Amino acid sequence: MSARTGLDRSAVEWATLELMRVAYATRGGFLAVRDPRAVVWWYVIGAVVPWFTYDAGVLALLFGAALWAALAARIGPLLLGLFVLGILGDLVYLLVLLLVLREDPAAIGALVVPMLKLGTVSLVSMAAFASLDPEKISDALLAMRAPEIIGFAVSYGYRMIPVLVDEFRVIVDGHLLRGAPPRGPGFLGLRALVRVARILVRSFYPLILNTAKRTRTTVEALETRGFTATGAASGAGRALRLAHLRFTPSDGVLLAGTLVVVTFAYWAGPMLGLR
Amino acid sequence: MPTADDGTNRADPAAVRTAPAPHDGAATSEPAPPAGLAREETASQDAAPCAIEVRGLTFRYPGAEADTLRGVDLRIEAGDFVAVVGGNGSGKTTLCKTFNGLVPHFWNGDLAGSVRVNGRGTRKRSVAELAREVGYVFQDFGNQLVRATVRDDVAYAPLNLGLADWRERADDALAALGLEPYADQHIWSLSGGQQHLTALAGALALAPGILVVDEPAAEVDPVRAATIYDHLTRLNRERGVTVVVIEHHAELVATYARSVVLMDRGTVRWHLPTAEALARTADLEAADIPAPQVVAAARALVPEVAAGSTPVPLTVAECTEMLREAVRGLPPRHPFGEPAQIPAGQGTDGAVPARRASAGRDPDGAAAAAGRGPAGPTVPGAGDPASSSAHPAGPGPAAPIAALRGAGFSYRTVAGPRHRVLDRLDLEFRDGERVALVGSNGAGKSTLLRLLTGLALPDQGVVVVDGRDTRGVTAAELAGTVCHVGQRPEQMLLQDSVRADVAMFPRGRDLPDTDELVERVLERMDLTALADRDGRLLSGGQQRRTTLAIALAMRPQLLLLDEPTSSLDLRSRDDVIGLLNDLSEHIRCTVVATHDMHLVAEWARRVVVLDEGQVIADTDPASLFARPEILERARLLPPQIAQVGAALGLPHTALQVSDLIGMLGIPALADSPDASDAPDAVGPKEEHA
């Protein structure tokens with residue numbers, strides 16, 4: 001048995017931590033300081049415009065802008081890494097397709113376009129949601145007159161992330177420690193794979209049950225804390241909660257600037273000569 | 001989820017109509033109104049409605065087969081500080097949930113009778129409306145917090161109710177509990193004690209006149225429990241808030257409550273002023289609430305108290321005073337504390353020598369001598385980790401099972417910097433030891449246990465378990481040597497029956513005698529009757545027993561337990577301590593991380609005190625309780641009996657009521673609590689060598 005470096009443990013810890021940092025927008029960035037409503041509108045613009053064109057040049061410019069925005073919004077290494085991994089995977093897939101099917105390389109173009117579109121939307125989403133903490137999202141949704149339950153679900157969902165991660169880790173550890181020990185990787189690592197899959201499936205029920213038990217108190221507490229009280233979502237409660245939101249000129253500049261960039265992309269894209 | 005609907009409307013209208021009748025009926029139907037409360041309150045009952053008035057209340061949960069509350073009559077005066085006590089399943093929590101309308105508006109089962117809060121019935125008012133009069137802090141308070149930061153969470157209820165001054169209310173509540181420094185922290189980065197205060201602040205933000213707190217001391221260290229009670233006391237005195245607590249710990253009841261409600265199988269047995277209530281030891285014992293040690297000691301040693309002609313002492317100071325009177329002129333029988341002073345049942349087989357022997361391991365050495373008798377034989381080498389590690393097992397020092405050598409651990413925080421939990425620890429755990437790991441919340445106890453399991457790896461030094469560096473083996477490989485039972489038992493229950501959970505480890509490893517072993521373990525842990533039930537649906541005490549059974553079936557050399565007695569009523573707690581005593585025959589070394597100083601006093605032979613990642617003392621329970629500077633630093637509160645002993649100036653620390661009786665040299669009265677308090681008679685094996 002080779003010495004353990006502790007990487008197995010610290011990797012999980014790092015991923016958890018990174019998730020928390022993204023979820024609670026602890027890194028700052030140019031979107032984090034803006035009014036949440038502006039950020040949501042910014043997101044809507046960014047997520048919609050790629051779908052109105054098939055020009056690879058326009059899409060390339062939009063993709064570039066989205067990439068810049070994601071970096072400037074400090075989405076952090078975990079999300080970026082996952083994203084790059086996804087894009088690389090797509091590229092490899094394209095290459096394999098090209099080699100195996102010996103198709104006309106021009107057909108690749110047809111695949112590049114949707115890839116750029118999806119890539120742009122993903123980057124915009126990451127930039128927006130890494131910049132909004134749960135409170136801001138639920139405030140923005142409330143301000144936009146989304147049903148209160150949606151805003152609450154977002155806020156509570158975020159609140160439960162660490163709880164779920166913790167619970168899951170303890171249960172998986174329990175299986176690893178007390179379950180049958182691994183008997184080598186097996187053919188193509190299949191046995192190890194099956195073992196992990198079994199553990200994951202078996203962890204599901206205890207995870208949900210334990211979490212549900214915790215939630216019982218939460219539901220009662222929500223009742224005592226006026227969550228379902230009439231007026232909490234529509235009347236005075238809503239006004240009070242949203243009183244702190246300020247849509248400043250800078251927020252207007254952000255949206256206007258975004259529209260300018262989009263217009264520029266649509267104008268300059270076709271001149272790049274990409275199909 | 002249900003809110004107010006037909007369940008409420010179905011309720012007996014007659015009860016509502018009769019409710020406004022004059023209160024005297026309730027007062028007389030009460031076996032004994034809280035007579036000892038301030039007299040003017042009793043006199044002015046007609047003028048001011050009492051805070052809570054319950055009449056003929058019967059309640060059955062939807063789908064349940066029996067009533068949870070059966071004809072409850074209760075009056076709680078405004079400004080009172082009431083402790084509701086009773087065994088598990090006696091209906092305490094259900095009763096308290098009727099005060100804020102969760103019963104019957106949320107739990108709309110069958111309800112008869114009436115509950116009136118500040119003179120108005122609860123049936124017609126919503127839970128949110130009642131929340132402005134009755135604040136409620138749940139037992140698992142962590143799940144009561146729903147927003148991301150402390151300030152947001154505290155402001156949540158006033159915002160929901162549309163109160164324009166929500167910001168001031170939140171700030172007030174934060175200030176009242178000293179939470180300002182944490183106001184902008186995330187909920188999940190708080191310690192348990194801070195979360196509890198946040199939950200309390202969230203209830204206080206609505207400025208309720210009544211505050212219900214379910215088991216405030218269940219999951220926090222003793223000093224933090226006292227902090228919460230001090231806050232409650234201040235709210236009660238300064239703001240006139242009526243406080244109702246559900247509490248298992250008779251000591252806390254004695255110290256803080258003004259009256260006590262005893263619940264028994266869904267009814268209120270009595271509601272009495274605290275001193276009278278605690279004098280009824282038989283009733284309390286029957287409800288699994290052993291009397292506080294000061295009461296037990298006074299009853300055993302002071303004839304007037306035993307006869308009931310003098311009220312029982314409620315605090316350490318009162319008890320000390322009383323005992324000083326009683327022993328005046330009686331010189332202690334054994335002023336220098338030979339083992340003979342320890343009553344029979346203890347000390348005959350090495351229990352006392354063991355305590356003494358490990359006392360020499362204080363890092364700073366000097367103070368350890370205090371409180372140690374000259375007579376205790378010492379185990380050679382046990383006092384010196386460095387020398388003993390060189391010897392293999394055999395006559396002489398016990399073999400180390402696990403050792404930390406310069407081991408440290410830190411983790412990265414969300415904000416970025418690393419937080420150091422343990423800093424270059426040197427510790428050894430040996431054959432036959434019973435180690436208690438104590439220290440305040442966040443001192444690194446749980447982390448130390450995780451290092452020993454191999455689940456966490458040190459970032460400084462090495463951790464050696466059973467001769468193997470934990471870096472060299474996987475945690476799964478170590479599982480046969482080290483078993484870790486976590487703080488929350490349900491996390492260990494992974495299968496759909498108790499039997500399957502107990503069998504999981506031996507079956508997974510294809511051990512030959514699995515079936516027989518499992519049956520034996522179930523038998524021993526008294527779980528045979530529950531073997532086919534789903535462990536996750538058992539009560540807290542049964543779950544603890546199941547996790548101990550799982551541990552036993554793993555046949556580990558080193559057993560690690562994290563807070564095995566937290567959130568248990570005292571009967572279940574004593575069961576666990578009893579089981580731990582039994583386990584020592586099978587397990588070479590047991591390490592328990594705990595806040596429970598009774599567990600330390602009754603079970604441990606060695607105590608390691610952690611503070612901010614360092615070992616600040618490594619000694620035996622008696623010497624620990626004799627060192628106030630360590631106790632204060634680690635936020636520990638010795639058992640009352642040790643405090644009484646110290647206040648009386650006894651030469652040795654009393655760990656149990658029987659110790660004190662023995663030391664004072666007074667023949668114990670007939671109903672002395674020796675029997676229930678008698679310590680284990682199982683000695684560690686190495687002492688016989």
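Residues numbered from 1 in each chain as written. Chains lettered and ligands numbered in written order. Predicted model: local features only at pLDDT ≥ 70, side-chain atom pairs only at ≥ 80, totals over all residues.

(A) Region of the structure containing the overall build of chain B. When helices and strands are counted, chain B shows 31 helices and 20 strands. The buried share among the 689 residues of chain B stands at 57%. Taking as baseline every contact in chain B between residues at least 6 positions apart, the subset at least 24 positions apart corresponds to 69%. (Helix = DSSP H or I, 4+ residues; strand = E, 2+ residues; numbered from the N terminus. Buried ≥ 20, exposed ≤ 12 C-beta atoms within 10 Å, placed from the backbone. Contact = placed C-beta atoms within 7 Å.)

(B) The overall build of chain A, seen in detail. Each helix and strand counted, chain A has 10 helices and zero strands in total. Reading the secondary structure of chain A in the N-to-C direction produces α-α-α-α-α-α-α-α-α-α. Scored against the burial criterion, the 275 residues of chain A give a buried share of 32%. Within chain A, contacts between residues at least 6 apart in sequence are counted, and of these 83% link residues at least 24 apart.

(C) The arrangement of the UniProt feature "transmembrane region" (unreviewed entry) in chain A in detail. UniProt feature "transmembrane region" (unreviewed entry): in the numbering of this structure it lies at residues 40-71, 78-101, 107-132 and 252-269 of chain A. The straight-line gap between the two end C-alpha atoms of residues 40-71 of chain A is 18 Å; of that span, 78% is helix and 0% is strand. (UniProt positions renumbered as here; feature names shortened; annotations may be inferred.)

(D) Fine view of the interface of chain A and chain B. Taken residue by residue, the interface counts 55 residues in chain A and 54 residues in chain B. Only helix H1 (7-23), helix H6 (134-143), helix H7 (148-178), helix H8 (190-224) and helix H9 (236-242) of chain A provide two or more residues apiece to the side of chain A that touches chain B. By residue class, the composition of the side of chain A that touches chain B is 25 nonpolar, 15 polar and 15 charged. (Nonpolar A, V, L, I, M, F, W, Y, C, P; charged D, E, K, R; others polar.)

(E) Seen up close, the sheet that holds strand E11 (residues 400-412) of chain B. All names here are of chain B. As summarised here, the arrangement of the four strands in space is E12-E11-E14-E15, forming an open sheet in which the pairing is antiparallel. Both outer strands of the open sheet, strand E12 (418-430) and strand E15 (468-469), are each paired with one neighbouring strand and no more. The pairing of strand E14 (residues 460-465) with E15 spans two bridges and is antiparallel. Bridge pairing in E15 links Val464 to Asp469. Where helix H20 (residues 445-453) meets the sheet, its contacts fall on E11, E12 and E14, and the angle it forms with E11 comes to roughly 120 degrees. (Pairing = 2+ DSSP bridges. Axes fitted to C-alpha atoms, helices over the stretch in contact; angles between N-to-C directions.)

(F) The arrangement of the nonpolar core in detail. Core analysis: the biggest nonpolar cluster contains 256 residues, and A:Ala127 and B:Ala297 have the highest contact counts within it. Here this core gets 10 residues from one element, more than from any other, and that element is helix H5 (residues 106-131) of chain A. (Core = buried A, V, L, I, M, F, W, Y, C linked by C-beta atoms within 7 Å.)

(G) A look at the confidence of the model for chain B. All names here are of chain B. On average, residues of chain B score 78 in pLDDT, and 79% of them are at 70 or above. Counting interchain partners and residues more than four positions distant, the pLDDT-below-50 stretch residues 1-47 has 66 contacts. Per the prediction output, this complex has pTM 0.75; the corresponding ipTM is 0.75. (pLDDT = per-residue confidence, 0-100.)

(H) Quick peek at the packing of helix H15 (residues 293-301) of chain B against helix H17 (residues 316-327) of chain B. Residue and element names in this part refer to chain B. Packing of H15 against H17 leaves a shortest axis separation of 10 Å and a crossing angle of 15 degrees. The pairing of H15 with H17 is recorded here as roughly parallel in orientation. Along this stretch, H15 crosses H17, giving a crossing that reads as left-handed. Residue-level inspection shows Val294, Ala297, Ala298 and Leu301 of H15 in contact with H17, the latter providing Val316, Cys319, Met322, Leu323 and Ala326. Its residues assigned to classes, the contact of H15 with H17 shows nine nonpolar, no polar and no charged. (Parallel < 35°, antiparallel > 145°, perpendicular 65-115°, else oblique. Left-handed = near helix turned anticlockwise from the far one by under 90°.)

(I) Representation of the packing of helix H2 (residues 36-48) of chain A against H6(A) in the model. Residues and elements named next belong to chain A. For the pair H2 and H6, the least separation of the axes is 8 Å and the interaxial angle reads 80 degrees. The angle between the axes of H2 and H6 places the two elements in the roughly perpendicular class. When H2 is examined against H6, the residues Pro36, Arg37 and Val40 are found in contact with a partner set consisting of Lys136, Ile137, Asp139, Ala140 and Ala143. Tallied by class, residues from the contact of H2 with H6 come to five nonpolar, no polar and three charged.

(J) Highlighting the pairing of strand E7 (residues 210-214) of chain B. All names here are of chain B. Among the five residues that make up E7, five are buried, leaving the element largely enclosed by the rest of the structure. The side-chain alternation of E7 yields two buried faces, one formed by Ile210, Val212 and Asp214 and the other by Leu211 and Val213. Here E7 pairs with strand E8 (residues 242-246) via five bridges, running parallel. Counterpart to Leu211 in the pairing with E8 is Val243.

(K) Looking closely at H6(A). With respect to burial, H6(A) is a largely interior element, nine of its 10 residues being buried. Residues A:Pro134, A:Glu135, A:Lys136, A:Ile137, A:Ser138, A:Asp139, A:Ala140, A:Leu141 and A:Leu142 constitute the buried set of H6(A). Looking at the buried side of H6(A), the elements it contacts are H2, H7 and H9 of chain A together with helix H8 (150-160) of chain B.

(L) Fine view of the environment of A:Ala143. Within the element layout of this structure, A:Ala143 appears in helix H6. Through-space distance from the C-alpha of A:Ala143 to that of A:Ala239 is 9.0 Å; in sequence the pair is 96 residues apart.

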